[in-house]
Amino acid sequence: MDFNLTEDQRDLVSLAERIFADQSTDERLKKLAQSGADLDAELWGRVAEAGLVGALIPEEHGGGDLGLVGLALLVEQQGRFTAQIPLLDTVVYGLLPLLRFGTPAAVESELPGLLDGSRIVAGALAEVGAALPAVPRTTARRDGGGFRLDGAKRAVPWLTVAHRILVTASLDGALAVFTVDADAAGVAIEAAPTTAPWASGNLTMADAPATLLGSAEAGAEIAAWIVDRARVALAAQQVGVCERGLARTVEHVNTREQFGKPLATKQGVMLRAAEAYMDTEAIRVTTLEAAWRMDRGEAATEQALVARWYASEAGKRVVHACQHLHGGTGSDIDHPIHRHFLWGRQIDVTLGSGIQHLAALGDLLAHVPAQGGNR
């Protein structure tokens, strides 16, 4: 693939960088933390007003058609500034599935709210101890012309501010995908803070009304399609977290002196920083390849798993190196580098750990179904 960005892609990156740099400053994020707010509502509104999300959708819907590569570049900028907005989740679990699997009537009614920021979507896919995609313990049953869900999902990012939730459930023993309104009867949400400030919550559903996404017969394929894109987007976000964290670290070791010399002159410091740089670039190139293949309509589950594994394992190494190279300063939870550490560790475990993604990749390469077969 050609890793050079197009003019439209460069414009998207430039605009996103300006908005995030202006709004998601260290001082503003510190005030948000002190106030207990996880969502930067003002920034979320500005992102929507600037048309950043709209730039990703096809031209037939009035967008810029920048696709998944555009999304990767956009959430990378979000990761660089650790901007506390539900950008990734609303696009991956709301916008993309709507355009791919939604009915024309659903697209017409729901697309405007997703583009103008008035609708936030959370993705409740993962369940404790289960790799994705998997048939969950959450169950669905038919109820006349609709469906009802029973079950629980834990630590769902952006759940406490979401208007709609994308939920996987077992329907007649098979995987299916549904959407649930956050304020529907039978839906209970409680705050469940996680490592990163992503307005996470626990979801409990008891006879909750739900809408089937696509068809029941294609549930497994729909879930896999969404999960692949979530993996790529999370990996792209990790690129930004690591890249800016490393830039902060380079600045620190070049200005912090020990015995009259900058820390950057120490060979051990230089090697550690160089390894972190190589790890960051490994996440970047594997992520862009996966996104590029998906935009071309190719099957890219293997590439998505590779990118997501790098984001977990290499990303973890990078944020640990950045904090370590800051010395005692890195232990200060109010220091900006600690925020990158927290985001990096949260991305590491979101939708499964690195070892789970590696196991899924091994199954795929061995042509063994992830949920069955001899290992």
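Above this text sits the structure in question.
Right, let's walk through the structure included here. Model, not experiment: these values are computed from the prediction.

Rules used throughout
Residues numbered from 1 in each chain as written. Predicted model: local features only at pLDDT ≥ 70, side-chain atom pairs only at ≥ 80, totals over all residues. Heavy atoms only, no water. Core = buried A, V, L, I, M, F, W, Y, C linked by side-chain atoms within 4.5 Å. Buried < 20%, exposed > 50% of the residue type's maximum accessible area, 1.4 Å probe, protein only. Helix = DSSP H or I, 4+ residues; strand = E, 2+ residues; numbered from the N terminus. Contact = heavy atoms within 4.5 Å. 1 Å grid on protein atoms, 1.4 Å probe; cavity = no way out; pocket = protein on both sides within 12 Å on 5 of 7 lines; lining within 4 Å. Points joined across faces, edges and corners; volume = space filled by probe spheres on them. Nonpolar A, V, L, I, M, F, W, Y, C, P; charged D, E, K, R; others polar. Pairing = 2+ DSSP bridges. Axes fitted to C-alpha atoms, helices over the stretch in contact; angles between N-to-C directions. Parallel < 35°, antiparallel > 145°, perpendicular 65-115°, else oblique. Left-handed = near helix turned anticlockwise from the far one by under 90°.

## Brief notes about the nonpolar core
- Core analysis: the biggest nonpolar cluster contains 105 residues, and Phe20, Leu87, Tyr93, Leu149, Phe178 and Ile226 have the highest contact counts within it.
- The element that contributes the greatest number of residues to this core is helix α7 (residues 219-255), accounting for 15 residues.
- Residues contacting Leu149, with those up to four places away along its chain left out, are Thr139, Ala140, Val167, Ala169, Phe178, Val180, Met205, Ala206, Asp207, Ala208 and Ala210.
- Leu263, Ala264, Ala273 and Leu325 belong to the second-largest nonpolar core, a separate cluster that totals 6 residues.

## Things to note about the layout of surface pockets
- The calculated volume of the largest pocket comes to roughly 760 Å³.
- Around the largest pocket, the lining is made up of 28 residues, and of these Arg100, Trp225, Arg229, Met294 and Asp295 lie nearest the centre.
- Put simply, the parts of the chain that give the lining of the largest pocket at least two residues each are α4 (67-80), α5 (87-101), α7 and α8 (267-295).
- Residue contributions to the lining of the largest pocket peak at 5 residues, all from α5.
- Considered class by class, the residues forming the lining of the largest pocket number 16 nonpolar, 5 polar and 7 charged.
- In terms of lining, the second largest pocket is formed by 30 residues, of which the most central are Ala126, Ala155, Val349, Thr350 and Leu351.

## Notes on the environment of Ala124
- Secondary-structure assignment places Ala124 in strand β1 (residues 121-124).
- Each C-alpha atom, one on Ala124 and one on Leu166, is 5.8 Å from the other, the two residues being 42 residues apart in sequence.

## Focus on the pairing of strand β5 (residues 174-181)
- Burial analysis of β5 places 6 of its 8 residues in the buried class, the great majority of the element.
- Relative to β5, strand β4 (residues 164-171) runs antiparallel, the two sharing 8 bridges. Bridge pairing in β5 links Ala169 to Ala176.
- Relative to strand β7 (residues 201-212), β5 runs antiparallel, the two sharing 2 bridges. For Phe178, the partnering residue across the bridge sits in β7 and is Leu212.

## Structural notes on the packing of helix α9 (residues 301-325) against helix α10 (residues 336-349)
- Relative to each other, α9 and α10 sit at 155°, their axes nearing to 9 Å. By the criterion of interaxial angle, the relationship of α9 to α10 is roughly antiparallel. Handedness of the α9/α10 crossing: left-handed. On α10, the residues touching Arg308, Ser312, Lys316, Val319, His320, Cys322 and Gln323 of α9 are Ile337, His338, His340, Phe341, Gly344, Arg345, Ile347, Asp348 and Val349.
- Looking at the contact of α9 with α10, its residues break down into 6 nonpolar, 6 polar and 4 charged.

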